[in-house]
Amino acid sequence: CTVLDTYLDNLMANVPQLALLLQEQGFIQNIKFLRTDDIPSLMIHPSTLGVETAQPTTTTNQQTFSPELIEMNAAMLLRFLKTNCTRENSTYLLHRTAGDTNIQLFDISSISQMRQRKWVWWLALCSYRFACRLEQLQNKVLSPHDKVTRREYRERQRSLLNNTLNLLEDLADLDGGHHETIAAAVCEHLADTFLWSDEAEGDVGPRDSSKPAPWASSSQPYRKVTPDCLNKAHDHLMNGIKKLTPPLTKARAKNSPIEIEALSTQLYGIHHKLINVCLKLADIHLQNYFSSNLLQSLRMAARMLRDATTLVEPRDIFDFSKDATDNSRLYGRSILLQYAWLWEFCGHFARSYAADPLWRERGHISGNDLLSLFKEVDSACNNITKLCFRASKWRPKTSVSVASHGQVSLQSLSGIVVLPEDFEEIEASVLQKEGCHEAISTSKSILNEQTQIKRDNRLVLVAASVCYSHAVDSYLFLAEYNSDVAKDGQASIDLGTMNKISTKPDEPVAPLLRQRLGDASNEIGKILLAESRTVLLNENADRGRNMSHVSAIMLASAQFWFSQGLDQFTAGKDLRNIALLRCNLCQCCKIRANTNVILPGSSKDHDKKSNAETFLQKAVDHLVSAHEAMGERDADSLTWDMVSEELAATLLVLGVRRRQSSLAGSGSSHPLFLPGLRLTPGAEKEIVEPMERSCKIYESLGTAHARHQAAAAHYQLAMYFSKVWTCQRDEQKTRDKLAAAFKHFGLAHQYFFLNAKGNESTFIVLSLDFSNLYAAVSGEECLGKALGISLDTKEAFSSDAISAAFERLKPSDLRDWFNNMSTLSENVESRIMKLLLSLTKLEKDNNSKLKKDSPHSEKYKGMYREVLTHKMKSKIEIDGSTHLKEQSEFP
């Protein structure tokens, strides 16, 4: 009977093997494993029982019973039961007297309704075993494509499991014990029936590509489960936790280690599934702006993660040393992975809130709600990082809090960060009286005075960077742990999940996650950069203090955030965003070059001009690095052209700044005549090379704006050569510089002559400077060309130019335009008169050298008379007053 009972038990439970423990006087002597098919022939065989026999064993083992006969009788018995057990919700008893071949079937429903504990217990276990058997059949027998049959099996399994729970509750009412561990296991099985990813009804469709998704959602379990199934699974798992919590409390009170370990392990498994369910629900709520449900899911995940850590903490789960056991490492790794997922979802929630106004309109949620959530998550999970990182002596590599020396955390979200070296330099160089601390507090107060939406966005973005950095640090730690495991050769640890952390094996963190952290840092830097500019523009406002100091603090903070974003984009190999971050850092350097305050990084040994050139050179270096990172234009033509245009503009400004600081009186158009002011070849190259590079870049772009800027660059080069050609050491160099001046003036004049509308003032000033250069060269021919260039400016004063100005300018700007053009018209008139006077004198001298009967030229004399006549008529005296003509045309 023992052999038959064992065989049937294994067969009904679908157990492949039987373990026999051979004891002698209470001590285990041996353990034997038998296949289920070998039980009839080997279970009581002497070799199995370890008994030595004098008779030699035969080659074939005699079976205790015939399995084929048993299976035939079982099939007949099942048909008999199926024929006679026809009443629903009834209890039957199958009975056979010993030695009798007849079988009797009794309906004992009335007896079972008397609520006897033995019957209830048997029925509960029977239902549970049948439910487990159905689960095994679905996994091993049914085809994954047979959806109908699998759904029927699943519904039947849920019915059996619910019946088991009801019977266990009835048993508890009969004082038969609560059987918490079995009830919790039944609840976990019920949850599993809703979490089968390939069997969930109505799999979740593809995510809307216009809505960004956390990367964690692609590596989590339950990706195809519907929200309804997830909520039902959540309820069953919570029910299982409620059933196991009281016995665990009692076991701890009794200080029973075996019970504590068993209950903690079972509870941890339920917590682990519940955390994954909450995170998947958070992912779904994140797509649909269900803010209250999202807050609840993330809070629940954080609390469950804290409780799960408490359950297995005594096992040293965060001890990743070589002496630690594999099981403890797996517990720690799974907790850290869920910890990283949780912070990743929090970071994306914050980033999405700052970028999408629908969270306020549809979600009805404020920034304070998010910040309170993140603080609660941090409070719940803070113990995990302490236990893990400190025990392993591992220093976070991406944490914004560490990089900012503790100035950024979920308790300090202003975004103002002044690194120690910058703090000391600011305090020593520009804040000797007021103090750096006061400037920092003023900066924070200015940021707090922003509008509610702007303030919330800034605070939430800083919180997003903290959340993302927690997730990235966890992934990095797990990657290092995995590499240590591989080096130690511990292949028994399953690394399958960790291999999904990145799309490439050599990248421990997904580039998408680094991109989001870099994007959040970039947005914070842009906010602070804009505020720094605003403070500089409003320096003379009613605050009663030098606001440039405050701008210095904000600018240093903006650079910190841009640097953090650049580090993440570089690690993620995001070429386009690397270029954009370099452009933002270039803007910071330009502000430093143009500000009237010595900012962090300024040199104390040089004057403000050299500091300006230093920062402009740093700006150029950033843009050159952006080009080097992209490699070639085909990688991203739009970004490449944008960086190129910014680089050309910066090079032009750098060249002009160097020219202004190197040449005395460079603000005027007059050339230099003192040989002592001659520049060395190296100094001249530092001035000319940036502007020539700027010209080449603008000309290569080919856009209308680039052609305009190229002409401006030629103008600046012409201004330089027109100043230095007179102080060269020999005639050849003088000719070379003069020729370069004429060349660049000609190119600039050609463009602005053809595009004078909208550029009238620039064209006039350029023409006057070009005319001055020709006038500086002796000879009637050069003076004639100077006069012609001056006369070309008439197009800028024409009625067409005035009509165009009326169309494109506002009334207030139009008044300034007329005043400016009036001043320029006087300058042009004065220049023309001087040139005509000089040409008239030359003409007179030339005529005096001619014979009396030879023809004399009086062209310039006549022109000079006409100009004098026009100048006299341009003023009209009315009622004793002299007025200018109405400003509809120029004199």
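Worth saying up front: this structure is predicted, and the values here are computed from it rather than measured.

## What to know about the overall build of the protein chain
Here's step 1: Helix and strand counts for the protein chain stand at 31 helices and 6 strands.
Here's step 2: When the 891 residues of the protein chain are sorted by exposure, 47% land in the buried category.
Here's step 3: Nonlocal contacts in the protein chain, meaning residues at least 24 apart in sequence, comprise 70% of its contacts between residues at least 6 apart.
Here's step 4: For the protein chain, the exposed surface amounts to about 46,400 Å²; the carbon and sulfur share of it is 51%.

## Some words on the nonpolar core
Here's step 1: The biggest cluster of nonpolar side chains holds 118 residues, and the ones touching the most others in it are L298, L342, F349, F374, C381 and W561.
Here's step 2: No other element matches the 16 residues that helix α18 (residues 452–488) contributes to this core.
Here's step 3: In contact with F374, not counting residues within four places along its chain, are W343, C346, A350, L410, A463 and C467.
Here's step 4: Core analysis: the second largest hydrophobic core is formed by 57 residues, A713, A748, L768 and I832 among them.

## Topic: the environment of L717
Here's step 1: Along the polypeptide, L717 turns up in helix α25 (residues 704–724).
Here's step 2: Discounting residues that sit within four places of it in the chain, L717 has contacts with V688, M691, E692, C695 and H744.

## What about helix α6 (residues 117–140)?
Three or four residues apart is the spacing at which side chains of an α-helix point the same way, because the helix has 3.6 residues per turn.
Here's step 1: For α6, spanning 24 residues, the distance from its first C-alpha to its last is 35 Å, which sits close to the expected 34 Å at 1.5 Å a residue.
Here's step 2: Among all positions of α6, only W119, V120, A124, S127, Y128, A131, C132, L134, E135 and Q138 are buried.

## Observations concerning the confidence of the model for the protein chain
Predicted coordinates in areas of low pLDDT are best not read in detail.
Here's step 1: Looking at the protein chain as a whole, the pLDDT averages 80, with 81% of positions reaching at least 70.
Here's step 2: A low-confidence stretch, residues 485–506 stays under pLDDT 50, and its non-local contacts, those more than four residues away or across chains, total 37 contacts.
Here's step 3: Long-range and interchain partners of residues 540–544, a stretch whose pLDDT sits below 50, account for 2 contacts in this model, where long-range means more than four residues apart.

## Points about the packing of aromatic side chains
Here's step 1: Across all of its chains, the model carries 16 aromatic pairs by this definition.
Here's step 2: Each ring, one from Y339 and one from W343, has its centre 6.3 Å from the other, and the planes form 80°; the classification is edge-to-face. Of the two residues, Y339 and W343 both sit in helix α12 (residues 326–355), 4 residues apart, roughly one turn of that helix.
Here's step 3: A relative accessible area of 2% means that Y339 is categorised as buried.
Here's step 4: For the pair Y751 and F752, a centre-to-centre distance of 5.2 Å together with 85° between the ring planes defines the contact as edge-to-face.

## What to know about the pairing of strand β2 (residues 27–35)
Here's step 1: Here strand β1 (residues 17–24) pairs with β2 via 8 bridges, running antiparallel. Within β2, the residue paired with Q17 across the bridge is R35.
Here's step 2: Adjacent in sequence and paired antiparallel, β1 and β2 are bridged by 2 residues, among which Q25 carries a positive phi angle near 55°.

## Some words on unusual backbone geometry
Here's step 1: In this model, Y222 sits at a positive phi of 65°, which is unusual for a non-glycine residue.
Here's step 2: You can see Y222 is positioned in the loop between α8 (180–195) and α9 (227–254).

## Concerning the side chain of R458
Here's step 1: Mapped onto the elements of the fold, R458 is located in helix α18.
Here's step 2: Among buried Asp, Glu, Lys and Arg side chains, R458 stands out as unpaired, with E531 the closest opposite charge at 7.2 Å.
Here's step 3: Within the local environment of R458, its side chain forms a polar contact with the backbone oxygen of L447, the two atoms lying 3.1 Å apart.
Here's step 4: R458 has contacts with L413, S414, L447, N448, Q450 and I527, leaving out every residue within four places of it along the chain.

## Points about the pattern of salt bridges
Here's step 1: With the rule as written, the count across this model stands at 20 salt bridges.
Here's step 2: A salt bridge links R35 to D37, with the nearest nitrogen and oxygen atoms 3.8 Å apart.
Here's step 3: Overall, D37 belongs to the exposed group, its relative accessible area being 55%.
Here's step 4: Within this structure, R35, D37 and D38 form a network of salt bridges that share partners.

## Here's the deal with the packing of α9 against helix α11 (residues 291–312)
Here's step 1: Interaxial distance between α9 and α11 falls to 14 Å at its minimum, and their mutual angle equals 35°. α9 and α11 meet at a crossing whose hand is left-handed. Contact with α9, carried on its side by H234, M238, I241, L248 and R252, involves M300, M304 and L311 of α11 and no other residues of that element.
Here's step 2: Tallied by class, the residues present in the contact of α9 with α11 amount to 6 nonpolar, 1 polar and 1 charged.

## A few points about the environment of L787
Here's step 1: Here L787 shows up in helix α28 (residues 780–791).
Here's step 2: Separated by 19 residues in sequence, L787 and L768 have C-alpha atoms that sit 9.8 Å apart.
Here's step 3: Apart from residues lying up to four places away in sequence, L787 is in contact with I832, L835, L836, L839, Y860 and M863.

## Some words on the side chain of H189
Here's step 1: Residue placement: H189 occurs in helix α8.
Here's step 2: Excluding anything up to four places from it in sequence, H189 contacts Y128, C132, E135 and L161.

## Concerning a nonpolar patch on the surface
Here's step 1: A cluster of nonpolar side chains, L21, I28, I31 and F33, forms an exposed patch at the surface whose accessible area comes to about 410 Å².
Here's step 2: In terms of residues, the nonpolar patch owes the most to one element, β2, which gives 3 residues.

## Points about the packing of helix α27 (residues 760–776) against α28
Here's step 1: Closest axis-to-axis distance for the α27/α28 pair is 8 Å, and the angle between their directions is 170°. Here α28 runs roughly antiparallel to α27, going by the angle between their axes. Residues S767, F770, S771, Y774 and A775 of α27 touch α28, and the partners they reach there are C782, L783, K785, A786, I789 and S790.
Here's step 2: Of the residues assigned to the contact of α27 with α28, the class counts are 7 nonpolar, 3 polar and 1 charged.

## Observations concerning the environment of L248
Here's step 1: Among the secondary structure elements, L248 is positioned in helix α9.
Here's step 2: Judged by its relative accessible area of 4%, L248 falls in the buried class.
Here's step 3: Considering only alpha carbons, one finds L248 and L311, 63 residues apart in sequence, at a separation of 9.9 Å.

Cut-offs used in this document
- Residues numbered from 1 in each chain as written.
- Predicted model: local features only at pLDDT ≥ 70, side-chain atom pairs only at ≥ 80, totals over all residues.
- Heavy atoms only, no water.
- Helix = DSSP H or I, 4+ residues; strand = E, 2+ residues; numbered from the N terminus.
- Buried < 20%, exposed > 50% of the residue type's maximum accessible area, 1.4 Å probe, protein only.
- Contact = heavy atoms within 4.5 Å.
- Areas by Shrake-Rupley, 256 points an atom, 1.4 Å probe, with all protein chains shown as cover.
- Core = buried A, V, L, I, M, F, W, Y, C linked by side-chain atoms within 4.5 Å.
- Expected span 1.5 Å × (residues − 1).
- pLDDT = per-residue confidence, 0-100.
- Phe/Tyr/Trp six-rings, centres within 6.5 Å; stacked < 30°, edge-to-face > 60°.
- Pairing = 2+ DSSP bridges.
- Lys, Arg positive; Asp, Glu negative; His and termini not counted.
- Salt bridge = Lys/Arg side-chain N within 4 Å of Asp/Glu carboxyl O.
- Polar contact = N/O pair within 3.5 Å; in protein donor to acceptor, adjacent residues only side chain to side chain.
- Axes fitted to C-alpha atoms, helices over the stretch in contact; angles between N-to-C directions.
- Left-handed = near helix turned anticlockwise from the far one by under 90°.
- Nonpolar A, V, L, I, M, F, W, Y, C, P; charged D, E, K, R; others polar.
- Patch = residues over 30% accessible without salt bridge, like charges linked within 9 Å, V, L, I, M, F, W, Y side chains within 5 Å.
- Parallel < 35°, antiparallel > 145°, perpendicular 65-115°, else oblique.

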